[in-house]
Amino acid sequence: MLSEATLNYGERAARALLGVDSLYRRESKDEDGLVVVDMSHGALQPAPYAEYADAIAAWQELKRDAAGLPEADRRRYYDQLCESTLAFMQWRSAGLPFADQLGRFLHVPAAPASEAELDALRQELRTLLNALGYTGDLEAQAAAWQTRNRVAPDEIADTLATLCDEAWDRTEQVLHIPAPKSDGMQVTGVSGVAFNARCNYLERKVELNIDPVLTRPGLKHLAVHECYPGHYVQFKLREVLYAEGKAPADNLLSVVNTASSSPFEGIADHGLFLLDWIDGDDDRVQHALTRYRSGIGTVAAWKLHALGEPDSAVRDWLRANALVGGEGWVDNRIRFIAAPARAVLIWSYWWGQGAVTSAYNAVPPEHRPKYLQYLYGRMHSLQTLTLFEA
């Protein structure tokens, strides 16, 4: 149980986040904002910042106060949240180099995935595809794998809905969902967007991008990531625990460009491991592809924003290295990384799952149910994932 001091601090932090979000939306005209989900439904009012100087002063005070919180993991998390938010405001008010945005927003190394890391993933894919009987070079093998596993466009919605139904049942075996299944997500197809899929929690919709080529293993990954035990379960537990007085108010907000971004995506990507739902090598291929495409996404974003390479050259590089997904995937990745306000977020996918899976596996099996409450019940940075005390 978190202390009263931390619950009170969370209320201040939530209002301060909403205040920065309101200020940012006013000056940038960015309709998506900094706070992309607000589950308070208007109950939390934004701090009334007239300009960034006011907000910076308030967040410097919050950063000082975070040092006095009783729980070690909350001291660390809120200190990093404050640093992320101060860096974001510095970027908006005075400018901040891309490498510094990456390091200070997300608290990860300011570098893209290395060629050695990408080569290791290519070799992993090669080994798996060889074992499955595919021939030719890696690009030909991946294309043949995609063709064999492709889901016909008119079957996509039903396939994903069936996978979501099984994912809910499997999640209930390891982590109780405090809602009836009827509260869960419904699938709706979208086109021309900057994401593969998105959990629109407030409307209970999975918005699925139908432009890329979609496979059954890929849809299975999305069912777990966007729904159960991924983003829907994250939001549901945070909402319920706050209502029960067991979690801070900032649990009600989903914020981009911050210390919690990588764990947020990592918890969702860890879902197949949590559910023990990797059925064979096709799922292993999908996992390696997911990792690989996150990695090349970081390289593409680095080329675009740190090195200043033209959009056309970055697009060509992505197309040459994508392996699967087709032109629709290249289009949505370019949209995703091109917007300066979202440019660093691809790193949250690259760093998140490995950190979450490593932290979870380090917990003795008898303590993992309690660890899941710790993992889902409060906001995390990459560094607080390992500060659990049984």
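Heads up: these notes are all about the structure in this document.

### Some points on the overall build of the chain
Summing up its helical and strand segments, the chain has 16 helices and 5 strands in all. In terms of overall dimensions, the chain is globule-like: its C-alpha atoms have a radius of gyration of 21 Å, near the 21 Å expected for 390 residues. The dimensions of the chain, computed from C-alpha atoms along their principal axes, are 60 × 50 × 35 Å. Here the chain holds 390 residues, and 56% of them are scored as buried. Intrachain contacts of the chain at a sequence separation of at least 6 include 71% that bridge at least 24 residues. Carbon and sulfur atoms provide 50% of the accessible area of the chain, an area that totals close to 15,800 Å². Taken together, the 38 basic and 52 acidic charged side chains of the chain have centroids lying 1 Å from each other.

### What to know about the pattern of salt bridges
On inspection of all chains with the given rule, the structure shows 28 salt bridges. Put simply, Asp 73 and Arg 74 hold a salt bridge, and the shortest N to O gap is 2.6 Å. Neither Asp 73 nor Arg 74 differs from the other in exposure class; each is buried. Taking the shortest distance from any N to any O, the salt bridge between Arg 319 and Asp 316 comes out at 2.9 Å. Here Asp 316 and Arg 319 lie together in helix H13 (residues 311-321), a separation of 3 residues that amounts to about one turn. Taking relative accessible area as the criterion, Arg 319 reaches 36% and is therefore assigned partly exposed. Three or more residues joined by partner-sharing salt bridges are found here, namely Arg 315, Asp 316, Arg 319, Glu 327 and Asp 331.

### Re the layout of surface pockets
Of the pockets and cavities examined, the second largest pocket occupies roughly 470 Å³. Considering the residues around the second largest pocket, the lining is formed by 15 residues, among which Met 1, Leu 2, Lys 370, Tyr 374 and Arg 378 are closest to the centre. Listed by contribution, the elements that provide at least two residues to the lining of the second largest pocket are helix H3 (72-94) and helix H16 (368-377). With 4 residues, H16 is the largest single contributor of residues to the lining of the second largest pocket. Of the residues that constitute the lining of the second largest pocket, the class distribution is 7 nonpolar, 2 polar and 6 charged.

### Things to note about helix H10 (residues 261-269)
Counting buried residues along H10, 9 of its 9 residues qualify, which places the element largely inside the surrounding structure. Along H10, the positions that sit buried rather than exposed are Ser 261, Ser 262, Pro 263, Phe 264, Glu 265, Gly 266, Ile 267, Ala 268 and Asp 269.

### Quick word on unusual backbone geometry
Here the bond from Tyr 228 into Pro 229 is cis, since omega is 10°, no more than 30 degrees from zero. Mapped onto the fold, Pro 229 is located in the loop between helix H8 (216-226) and helix H9 (231-243). In the Ramachandran plot, Asp 276 falls in the positive-phi region, its phi being about 50° despite a non-glycine side chain. Structurally, Asp 276 is set in the loop between helix H11 (271-274) and helix H12 (281-305).

### Things to note about the packing of H13 against helix H14 (residues 326-338)
Orientation of H13 relative to H14, taken along the N-to-C sense of each, is 135°, at an axis distance of 10 Å. With respect to each other, H13 and H14 are oriented oblique. Read as a crossing pair, H13 and H14 show a hand that is right-handed. Only Glu 327, Trp 329, Val 330, Asp 331, Arg 333, Ile 334 and Ile 337 of H14 make contact with H13, whose side of the interface consists of Val 314, Arg 315, Leu 318 and Arg 319. Tallied by class, the residues present in the contact of H13 with H14 amount to 6 nonpolar, no polar and 5 charged.

### Re the pairing of strand S4 (residues 205-209)
With 4 of 5 residues buried, S4 is to be regarded as a mostly interior element. Of the pairings in the sheet, the one linking strand S2 (residues 186-190) to S4 comprises 5 bridges and is parallel in character. Each residue of the ladder has a partner; that of Gly 189, found in S4, is Leu 208. Bridge analysis of strand S3 (residues 197-200) against S4 gives 4 bridges, and the strand direction is antiparallel. Bridge pairing in S4 links Arg 198 to Glu 207.

Conventions we followed
Residues numbered from 1 in each chain as written. Predicted model: local features only at pLDDT ≥ 70, side-chain atom pairs only at ≥ 80, totals over all residues. Heavy atoms only, no water. Helix = DSSP H or I, 4+ residues; strand = E, 2+ residues; numbered from the N terminus. Rg over C-alpha atoms; globule rule 2.2 N^0.38 Å. Buried < 20%, exposed > 50% of the residue type's maximum accessible area, 1.4 Å probe, protein only. Contact = heavy atoms within 4.5 Å. Areas by Shrake-Rupley, 256 points an atom, 1.4 Å probe, with all protein chains shown as cover. Lys, Arg positive; Asp, Glu negative; His and termini not counted. Charge placed at Lys NZ, Arg CZ, Asp CG, Glu CD. Salt bridge = Lys/Arg side-chain N within 4 Å of Asp/Glu carboxyl O. 1 Å grid on protein atoms, 1.4 Å probe; cavity = no way out; pocket = protein on both sides within 12 Å on 5 of 7 lines; lining within 4 Å. Points joined across faces, edges and corners; volume = space filled by probe spheres on them. Nonpolar A, V, L, I, M, F, W, Y, C, P; charged D, E, K, R; others polar. Axes fitted to C-alpha atoms, helices over the stretch in contact; angles between N-to-C directions. Parallel < 35°, antiparallel > 145°, perpendicular 65-115°, else oblique. Left-handed = near helix turned anticlockwise from the far one by under 90°. Pairing = 2+ DSSP bridges.

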